[in-house]
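Chain by chain, the residues run as shown.
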Amino acid sequence: MRVEAVVFDLGGVLIDWDPRYLYRRLLDGDAAVEQFLDEVGFAAWNHDVDAGQRTWAEAVAALAAAHPHHRHLIEAYPARFEQTLGGEIAASVAVLRELHAAGVRLVALTNWSAETFPVARSRFDFLDLFDGIVVSGEERVAKPDPAIFRILVERHALEPAATVFVDDKRDHIEAAEAAALRGVHFTDPAALRDDLSRLGLLGGAGPG
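Each value, and the rule that gives it
- Residues numbered from 1 in each chain as written.
- Predicted model: local features only at pLDDT ≥ 70, side-chain atom pairs only at ≥ 80, totals over all residues.
- Heavy atoms only, no water.
- Buried < 20%, exposed > 50% of the residue type's maximum accessible area, 1.4 Å probe, protein only.
- Helix = DSSP H or I, 4+ residues; strand = E, 2+ residues; numbered from the N terminus.
- Pairing = 2+ DSSP bridges.
- Phe/Tyr/Trp six-rings, centres within 6.5 Å; stacked < 30°, edge-to-face > 60°.
- Core = buried A, V, L, I, M, F, W, Y, C linked by side-chain atoms within 4.5 Å.
- Contact = heavy atoms within 4.5 Å.

Chemist: Teacher, can you tell me more about the pairing of strand β6 (residues 163-167) here?
Modeler: As a general feature of sheets, a regular strand has side chains that alternate between the two faces. Taken across its five residues, β6 has five buried, putting it largely inside the fold. Both faces of β6 are covered, namely the face carrying Thr163, Phe165 and Asp167 and the face carrying Val164 and Val166. Across four bridges, the pairing between strand β1 (residues 5-8) and β6 is parallel. Considered in β6, the bridge of Val6 is made with Val164. Relative to strand β7 (residues 182-185), β6 runs parallel, the two being bridged by four bridges. Opposite Phe165, over in β7, you have Gly183 as the bridge partner.

Written out as structure tokens, the structure reads:
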């Protein structure tokens, strides 16, 4: 079936997000950063807020109560969220712009807090290229939960078999494929361009 739409993940595909960018400013060396992230269970903590299970105020209070010696570091994450954004992933955004210019329908599906997503919205003008953006924190469910793929497909009237889903996390790709979408596992922009070219969406090698 001919591809009619491409759904993009944002963080790690189009936007260079990493909490380490912030914590390298606050801690002495990468080892200290990794120790902190592991000790507080940062990934699960952040996912809960991305999934709309807690507000940032609630999440900070709970984690700081469990790790009071790290309160200032925990509070820093939502307060200084913009410092976790390294910028756009330029070569991926170039692919996005080519798809848009070619008339391919574009939608985004992101695991992102409803409270911090406006930071990205105001910073990255390429987000205006999407017909719509499904934000997990607004829906109160996050990838890889099958429910968020149902929301995506129904809200934007997508034909799953004619829709390509691009994400950097393998379990998200597997969930999308279970929902009958066509998954493309993102590893780098060049591989993305190759994958989309094989699907007949791009002409091959890009600029520069």
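Chemist: Teacher, can you tell me more about the packing of aromatic side chains here?
Modeler: Aromatic ring pairs are reported here in terms of the distance separating the ring centres and the angle at which the planes meet. Considering all chains together, one arrives at 13 aromatic pairs under this definition. Relative to Tyr77, the ring of Phe42 lies with its centre 5.0 Å away and its plane at 80 degrees, an arrangement referred to as edge-to-face. Here Phe42 is found in helix α3 (residues 42-50), whereas its partner Tyr77 is found in helix α5 (residues 71-79), with 35 residues between them in sequence. Members of the aromatic cluster, each reached through a chain of ring pairs, are Tyr23, Phe36, Phe42, Trp45, Trp56, Tyr77, Phe81, Trp112 and Phe117.

Chemist: Help me understand the nonpolar core, please; the structure alone is not making it clear to me.
Modeler: In summary, soluble globular proteins display a tendency toward joint burial of nonpolar side chains. By size, the foremost hydrophobic cluster in this structure holds 52 residues, and its most contacted members are Val6, Phe8, Leu99 and Phe130. Counting residues per element, this core draws most heavily on helix α4 (residues 56-66), at five residues. Here Phe8 is in contact with Val13, Leu14, Leu96, Leu99, Leu106, Val107, Ala108, Leu109, Phe130, Val166 and Leu192, once residues within four sequence places are set aside. With 16 residues, the next largest nonpolar core counts Val107, Leu109, Phe149 and Leu181 among its residues.

Chemist: Looking at this model, I keep getting lost on unusual backbone geometry. Mind explaining?
Modeler: In terms of backbone geometry, most residues other than glycine have negative phi values and most peptide bonds are trans. Of the consecutive residues Lys143 and Pro144, the connecting peptide bond is found in the cis state with omega at 10 degrees. In the Ramachandran plot, Arg140 falls in the positive-phi region, its phi being about 65 degrees despite a non-glycine side chain. Its location among the elements puts Arg140 in the loop between α8 (136-139) and α9 (146-155). With a phi close to 80 degrees, Ala180 is a non-glycine residue in the positive phi region. By secondary structure assignment, the location of Ala180 is in the loop between α10 (170-178) and β7. Residue Ala180 is classed as partly exposed on the basis of its relative accessible area, which comes to 44%.

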